[in-house]
Amino acid sequence: IFVSSTRARNPDYSIKSLSISDSGQELIVDFENLGDVDAPELSVVAIWRGSVLGRAVVKPSKACRIVLPLQKKPLILDGSAAQNQIVARLIWKWMGRVEEREKTLDLGRAGTA
């Protein structure tokens, strides 16, 4: 049996900012890895009112920007604030565990890129 240890920190992705493109057809996700190593792949999912708007699987890097094409354009409603939000979720696997981080973008106050 061979046992080893390392001082390298596991991947720890954090969403820095979210914005909608000028056309409204893309979600721009800026993220960074606070760990020392990268996960093999990173999944990004955009959710609006319980529906998946878009998803992508990318090879991550230390600091990155993902432009996620949206399958349908989200509408800005005058209803509750929860209906005017897009949730972006980063998902990755490391050492047999699934990790995730998410951040919410309020469409009523969404920035454009």
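Every chain begins its residue count from 1, and numbering advances along the sequence as written. Reporting in this predicted model follows two pLDDT cut-offs: at least 70 for local features of residues, and 80 or more for side-chain atom pairs to be given and counted; totals over whole chains, interfaces and linings ignore these cut-offs and use all residues. Excluded from the side-chain calculation are hydrogens and water; included are all heavy atoms of the structure.

### Considerations on the sheet that holds strand β3 (residues 42–48)
No. 1: For two strands to pair, DSSP has to find at least two bridges joining them. The helix and strand labels rest on DSSP assignments: H or I over at least four residues marks a helix, E over at least two residues marks a strand, and numbering proceeds from the N terminus. A sheet is described by the order of its strands in space; here four strands give the open sequence β4-β3-β6-β7, paired in antiparallel fashion. Because the sheet does not close on itself, it has two edges, and the strands there are β4 (51–58) and β7 (97–106). Averaged over all pairs of adjacent strands, the angle between strand axes in this sheet comes to 15 degrees, irrespective of strand direction.
No. 2: The pairing of strand β6 (residues 85–94) with β7 spans 10 bridges and is antiparallel. Following the sheet pairing, valine 87 is matched in β7 by threonine 104. Axis angles are defined between N-to-C directions and span 0 to 180 degrees, where every axis is a line fitted to C-alpha atoms and, for a helix, only to the segment in contact.

### Some remarks on the environment of glycine 54
No. 1: Summarising the element assignment, glycine 54 is placed in strand β4.
No. 2: Between buried and exposed lies partly exposed: a residue is buried under 20% and exposed over 50% of the maximum accessible area for its type, with that area taken using a 1.4 Å probe on protein chains only. Glycine 54 sits in the buried class, given a relative accessible area of 1%.
No. 3: For the pair glycine 54 and alanine 88, spaced 34 residues apart in sequence, the C-alpha to C-alpha distance is 9.6 Å.
No. 4: Those residues in contact with glycine 54 that lie beyond four places of it in its chain are Val44, Val45, Ala46, Leu68 and Pro69. The contact criterion used is simple: two residues touch if any of their non-hydrogen atoms lie within 4.5 Å.

### Side note on the nonpolar core
Grouped burial of nonpolar side chains is what soluble globular proteins tend to show.
No. 1: If you look at the biggest cluster of nonpolar residues, it comprises 22 residues, and the most contacted ones within it are Tyr13, Ile20, Leu27, Val29, Ala46, Ile86 and Leu90.
No. 2: Contributing elements (two or more residues each) for this core: β1 (13–20), β2 (26–33), β3, β5 (63–69) and β6.
No. 3: Excluding residues that lie within four positions of it along the chain, leucine 90 makes contacts with Tyr13, Ile15, Phe31, Leu42, Ser43, Val44, Glu99, Glu100 and Arg101. To form a nonpolar core, buried Ala, Val, Leu, Ile, Met, Phe, Trp, Tyr and Cys residues must be joined to one another through side-chain atoms within 4.5 Å.

### Here we look at the packing of aromatic side chains
No. 1: The pairing test for Phe, Tyr and Trp rings, Trp by its six-membered ring, is centres within 6.5 Å, and the orientation test on the planes gives stacked under 30 degrees, edge-to-face over 60, and tilted for anything in between. Overall, the coordinates contain two aromatic pairs when judged by the stated rule.
No. 2: Taken together, a centroid distance of 5.9 Å and an interplanar angle of 65 degrees make the contact between tyrosine 13 and phenylalanine 31 edge-to-face. In this pair, tyrosine 13 is assigned in strand β1 and phenylalanine 31 in strand β2, connecting sequence segments 18 residues apart. This pair shows no difference in class: tyrosine 13 is buried, exactly as phenylalanine 31 is.
No. 3: Ring geometry for tyrosine 13 versus tryptophan 92: centroids 4.9 Å apart, planes at 75 degrees, classification edge-to-face. Here the residue tyrosine 13 occupies a position in strand β1, and tryptophan 92 occupies one in strand β6, the gap between them amounting to 79 residues. As far as the burial class goes, tyrosine 13 and tryptophan 92 line up, both buried.

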